[in-house]
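Coordinates in review
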Amino acid sequence: MRSGVPVMQALSNSAHTVDNSYVQRCVEGMRENVERGESLLRAAISAGIFTPVVLQMVAVGEESGAVDDMMNEIGDMYRQEVEYELKTLGQQIEPILIVLLGIMVLILALGIFLPMWDLGKVALKR
C-alpha cells in the first residue's frame, strides 16, 4: 500500500501468498467486503482471524491514514513474538528430554541388572 498498490490488489496478493487455505479464504472474504464498501477494520473483524491487538492497530491506521505503517508494526510485532518463542523453545523442551533420557537410562540399567539379580537368586538356591 505504501508503494501505491490499491487495497483490493494488496488483499488479493496477500491471499495468493498465504499457504493456509483457510486464511486465504478469509482474506478473499475481506477483499470482497472491502469491494462492497466496508472499511478495512469491519472486513477484518468479520474475517474473525485477527487478534484484538491487530484489529486495534488497523483501526488506528485507518483513522490516521497510515495503514501501511501499522501493518509494518504488526509484522514487526509478530516477528519479535516468533523469535522469542524460538529462543524459549529449547527451555520448554529441555525438561521433557531430561525425563525421556532418564527413562531410557532406567530401561538400559534394568536390562543389565535384572539378569544379574536372577543369576544371584539361582546361586543362592544351590
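Before going into details, it helps to say that this report is about the structure given with it. What you see is a predicted model; the values in this text were computed from it and never measured.

**Notes on helix α1 (residues 7-17)**
Where α1 is concerned, the buried positions are A10, L11, S12 and A15. Close packing links the buried residues of α1 with α2 (21-35) and α3 (40-47).

**Details of the environment of L114**
Within the secondary structure, L114 is located in helix α5 (residues 67-125). Measuring from C-alpha to C-alpha, the distance between L114 and V7 comes to 71 Å, with 107 residues separating the pair along the chain.

**Regarding the side chain of S12**
With respect to the secondary-structure elements, S12 resides in helix α1. Side-chain polar atoms of S12 contact the side chain of R31, separated by 3.2 Å. Sequence-distant contacts of S12, defined by excluding residues within four places in its chain, comprise E28 and R31.

**Looking at the packing of α2 against α3**
Relative orientation of the contacting elements α2 and α3 amounts to 145°, with a least axis distance of 9 Å. As α2 packs across α3, the resulting crossing turns out to be right-handed. Mapping the contact onto sequence places C26, M30, N33 and V34 in α2 and L40, A43, A44, S46 and A47 in α3. Per-class residue counts for the contact of α2 with α3 are 7 nonpolar, 2 polar and no charged.

**Quick word on the environment of G48**
Position of G48 relative to the elements: it lies in the loop between α3 and α4 (52-64). Separated by 22 residues in the primary sequence, G48 and C26 have C-alpha atoms spaced 8.0 Å apart.

**Observations regarding the pattern of salt bridges**
Per the counting criterion, the structure on display carries 4 salt bridges. Two residues, R31 and E28, come together in a salt bridge whose shortest N-O distance is 3.0 Å. With R31 and E28 both in helix α2 and 3 residues apart, this pair spans about one turn of that helix. One connected set of salt bridges, linked through shared partners, spans E28, R31 and E35.

**A closer look at the nonpolar core**
By size, the foremost hydrophobic cluster in this structure holds 17 residues, and its most contacted members are L11, M30, V34, L40, V58 and I74. Elements supplying a minimum of two residues to this core: α1, α2, α3, α4 and α5. Setting aside anything within four residues of it in sequence, one finds M30 in contact with L11, L40, A43, A44, A47 and F50.

**Quick notes on α3**
By the burial criterion, the buried members of α3 are L40, A43, A44 and A47. Angular distribution of buried residues about the axis of α3 spans 100°; they occupy a single face of the element. As for α3, its buried residues are in contact with α1, α2, α4 and α5. Where α3 terminates, the next one or two residues include G48, which has phi positive at roughly 70°.

Basis of the calculations
Residues numbered from 1 in each chain as written. Predicted model: local features only at pLDDT ≥ 70, side-chain atom pairs only at ≥ 80, totals over all residues. Heavy atoms only, no water. Buried < 20%, exposed > 50% of the residue type's maximum accessible area, 1.4 Å probe, protein only. Helix = DSSP H or I, 4+ residues; strand = E, 2+ residues; numbered from the N terminus. Contact = heavy atoms within 4.5 Å. Polar contact = N/O pair within 3.5 Å; in protein donor to acceptor, adjacent residues only side chain to side chain. Axes fitted to C-alpha atoms, helices over the stretch in contact; angles between N-to-C directions. Left-handed = near helix turned anticlockwise from the far one by under 90°. Nonpolar A, V, L, I, M, F, W, Y, C, P; charged D, E, K, R; others polar. Salt bridge = Lys/Arg side-chain N within 4 Å of Asp/Glu carboxyl O. Core = buried A, V, L, I, M, F, W, Y, C linked by side-chain atoms within 4.5 Å. Arc of directions from axis to C-beta.

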